[in-house]
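# Close look at the chain arrangement
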Amino acid sequence: MQVPGPFEYERATGVDHAIGLLDRLGEEARIIAGGHSLLPMMKLRLANPEYLIDINDLAAELGYIVTDPTLVRIGAMVRHRHLLESDDLAAVCPIFRDAERVIADPVVRNRGTIGGSLCQADPAEDLTTVCTVLGATCLVRGPSGDREIAMDGFLVGPYETAMSRNELLLEIRIPVRHRTSSAYAKVERRVGDWAIAAAGATVTLRDGTIAAARIGLTAVDPDPAALAASVDDVLIGEPPTEEVFSEAGRRASAACSPVSDARGSADYKRHLASVLTIRALRTAAERVLNHPALKGN
C-alpha cells in the first residue's frame, strides 16, 4: 500500500493565519483543501511537502458565489458540487455546469474546490480552461497585501502558477459580458476521467455576427497565441455558421501539440480538438440566440 512520506500538519483558522503559516514555514509547506490531487501525488512520492496547511475551516470565508450585473465572484473554497448546482452561476456562465458534469465523480465533487483545481495547474484540468475563456482574474493575498493575476498569466508551466509561495488564492473574478454565452465539451475514456481532449468557448453576438469569441483547449498542449489568432482571423465579424465554426475547429487543431499515450494517438487528439471546438462554439452561440434575456442585454 502506498502512503505519503512524513509531514507536519497545521490547521489554519482564517485567511491571515494561513498566509502567516505559509510565510513562516517556507517552500516546503503546501495548502490542502479537498486533497484529491495533492494526496495521490504524495502517495506516489511525486510531492513530498514537509508541512500540510489544512484550510477547510476557511470555507465560511471563501465558500461564496456572488453574481452581480457586471461581475461574478467565486471564493476559492467553493466545492465542485456547488459550482454544478448553482443556478445563478449557470445563468451567466453555463460553461461551469457543462464542465462540472464531466469532472470526476460525486465523492470528488463534494470535496474538491475550484481553488485547489486552479492551483494544482494540471495541464489536463478542466476549470483552468473554463476560467481562461471567461477572461477571469485570480485575487491572491500574501504578506504584502492583495493582487490580481489574469488567468492568461496565472499558469506559468505544468503544475506551476504565478503565485508566490506565501500567497493564498482568495477568489476568482469573472466579468459579465452582454450578449455573451459559453460552453464546454469533453471526451474522456470513462465517466469522470481526465480529458482525452476538451474545448471551451465564449461567443458574443451583435447584429447577427460574432463580435467577440474565445477558445480554450484542455489536455492537448495548445499554443495560446495561435488559438487567439484563429479566433480573430476566422470568427470575428462573421455570422455564427457551421462553415465558420468548422474553420475555427481546423485552426484550433493545428494549434495543438498533443502526444500519443494510453488515451489516444496525437492525430486522434487533434481530431477531437477540432470537433470539440466546433461543438463548444455552436452551443455557446445557440445559447445567445435562444435566450431573449441574453440577446437583449
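The structure this text deals with has already been given above.
Residues numbered from 1 in each chain as written. Predicted model: local features only at pLDDT ≥ 70, side-chain atom pairs only at ≥ 80, totals over all residues. Heavy atoms only, no water.

## Description of the overall build of the chain
Applied cut-off: A run of H or I in DSSP becomes a helix once it reaches four residues, and a run of E becomes a strand once it reaches two; helices and strands are each numbered from the N terminus. Each radius of gyration reported is based on C-alpha atoms, and the globular scaling rule is 2.2 Å times the count of residues to the power 0.38. Note on classification: 1.4 Å probe, protein chains only; a residue is buried when its accessible area is under 20% of the maximum for its type, exposed when over 50%, partly exposed between these limits. The contact definition used throughout considers only heavy atoms, calling two residues in contact when any of these lie within 4.5 Å. Method for areas: the Shrake-Rupley scheme with a 1.4 Å probe, in which residue coverage is limited to the protein chains shown. Positive charges are assigned to Lys and Arg, negative charges to Asp and Glu, while His and the chain termini are left out of the count. Where a charge sits is defined by one atom per residue type, namely NZ (Lys), CZ (Arg), CG (Asp) or CD (Glu).
Counting its regular elements, the chain contains 14 helices and 13 strands. Computed over C-alpha atoms, the radius of gyration of the chain comes to 19 Å, within 12% of the 19 Å expected from 2.2 N^0.38 for 297 residues, which places it in the range of a compact globule. Expressed as lengths along the three principal axes of its C-alpha atoms, the size of the chain is roughly 55 × 45 × 35 Å. Classification of the 297 residues of the chain by burial places 49% in the buried group. Within the chain, contacts between residues separated by at least 24 positions form 64% of all contacts whose residues are at least 6 apart in sequence. Working note: accessible area of the chain is about 13,700 Å², and carbon and sulfur atoms make up 50% of it. Side-chain charges of the chain comprise 32 positive and 40 negative groups, with the mean position of each set lying 4 Å from the other.

## Some details on the side chain of Glu-171
The test is simple: By the criterion applied in these results, polar contacts are pairs of N or O atoms within 3.5 Å in which, for protein atoms, one can donate a hydrogen and the other can accept it, and in which residues neighboring in sequence qualify only through two side-chain atoms.
Along the polypeptide, Glu-171 turns up in strand β10 (residues 168-175). Assessed through its relative accessible area of 2%, Glu-171 is described here as buried. At 2.4 Å, the side chain of Glu-171 and the side chain of Arg-173 are in polar contact. Filtering out sequence-adjacent residues up to four positions away, Glu-171 remains in contact with Tyr-64, Arg-73, Ile-74, Gly-75, Ala-76, Thr-137, Cys-138 and Leu-139.

## Description of the packing of helix α12 (residues 242-254) against helix α13 (residues 266-289)
To keep it simple, the criterion reads: Only the stretch in contact is used when fitting a helix axis, every axis being a line fitted to C-alpha atoms; angles between N-to-C directions are given from 0 to 180 degrees. When an angle is under 35 degrees it counts as roughly parallel; over 145 it counts as roughly antiparallel; between 65 and 115 it counts as roughly perpendicular; any other value is oblique. Rotating anticlockwise by less than a right angle from the far helix to the near helix defines a left-handed crossing, while the corresponding clockwise rotation defines a right-handed one.
Between α12 and α13, whose axes approach to 8 Å, the crossing angle comes to 140 degrees. Judged on the interaxial angle alone, α13 and α12 are oblique. In this structure, the crossing between α12 and α13 has a hand that is right-handed. Across the interface between the two elements, Glu-242, Phe-245, Ser-246, Ala-248, Gly-249, Arg-250, Ala-252 and Ser-253 of α12 pack against Arg-270, His-271, Ala-273, Ser-274, Thr-277, Ile-278, Leu-281, Arg-282 and Ala-285 of α13.

## Structural notes on helix α11 (residues 224-234)
Operational definition: Our arc is simply the arc of the directions from the helix axis toward the C-beta atoms.
Restricting attention to buried positions, one finds in α11 the residues Leu-227, Ser-230, Val-231 and Val-234. The arc enclosing the buried residues of α11, seen along the axis, measures out at 100 degrees, which places them on a common side. Facing away from the buried side of α11, by more than 90 degrees, are the exposed residues Ala-225 and Asp-233. On its buried side, α11 packs onto β13 (209-218) and α12. Residue Asp-223 occupies the N-cap position of α11, its side-chain oxygen lying 3.0 Å from the main-chain nitrogen of Ala-225.

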